[in-house]
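# Chain and residue survey
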Amino acid sequence: LSDLGPVPPGDLATLPGLDWLPLQVDRENDAGYEKTFQYRGCPAYEKYIAGTQSGQIRILAFQHLLIEIDGFGVSAPVLHSALPEIDETGKKTAN
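One structure accompanies this document, and this report is about it. Here the residue numbering is sequential within each chain, running from 1 through the sequence in written order. Side-chain atom pairs in this predicted model are given and counted only at pLDDT of 80 or more, local residue features only at pLDDT of at least 70, and totals for whole chains, interfaces and linings cover all residues. Each side-chain value is worked out from all heavy atoms of the structure, with water and hydrogens disregarded.

## Description of the nonpolar core
- With 14 residues, the main nonpolar core has Ile-57, Ile-59 and Leu-83 as its most contacted residues.
- Put simply, DSSP marks the helices as runs of H or I at least four residues long and the strands as runs of E at least two long, and each gets a number from the N terminus on. Secondary structure elements with two or more residues in this core: strand 3 (32-39), strand 4 (42-49), strand 5 (54-61), strand 6 (65-72) and helix 1 (76-80).
- We call a set of buried residues a nonpolar core when its members are Ala, Val, Leu, Ile, Met, Phe, Trp, Tyr or Cys and they connect through side-chain atoms within 4.5 Å of each other. Three exposure classes are used, based on accessible area relative to the maximum for each residue type with a 1.4 Å probe and protein chains only: buried under 20%, partly exposed in between, and exposed over 50%. Counting 7 residues, the second-largest nonpolar core is a separate cluster that includes Val-7, Leu-18, Tyr-45 and Leu-66.

Below, the structure is given as structure tokens:
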């Protein structure tokens, strides 16, 4: 979880790791996939590489909190299993 501080919304995509923010991405092939989507109303990005079983999910909450989930040697469903445990503030939710 990173607090990006007070950044004007138009400048968010210029920050490292947020270049996906203004894009609509939906690519998939045998090597893996990459997509942008909404997670609980927040812009999100996911990339998964099948050959290395590695992936990342990025969620921008409240225009300044960057939630980052990384997995190595895991399947995409295992990576997704971290999503329900995080609310929009980046805190773990009760199970």
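## Describing the packing of aromatic side chains
- Between the rings of Phe, Tyr and Trp (Trp by its six-membered ring), a pair exists once the centres lie within 6.5 Å; its type follows the angle of the planes, with under 30 degrees stacked, over 60 edge-to-face, and the other angles tilted. Going through the model one piece at a time under the given rule, you end up with 2 aromatic pairs.
- Centroid distance Tyr-33 to Tyr-48: 5.9 Å. Interplanar angle 25°. Geometry classified as stacked. Of this pair, Tyr-33 sits in strand 3 while Tyr-48 sits in strand 4, and the two are 15 residues apart along the sequence.
- In this analysis the charged atom, NZ for Lys or CZ for Arg, is taken to sit over a ring once it is within 6 Å of the ring centre and within 35 degrees of the ring normal. A cation sits over an aromatic face here: Lys-35 above Phe-37, 5.4 Å from the ring centre.

Bear in mind that shape data such as this cannot, by itself, settle questions of function.
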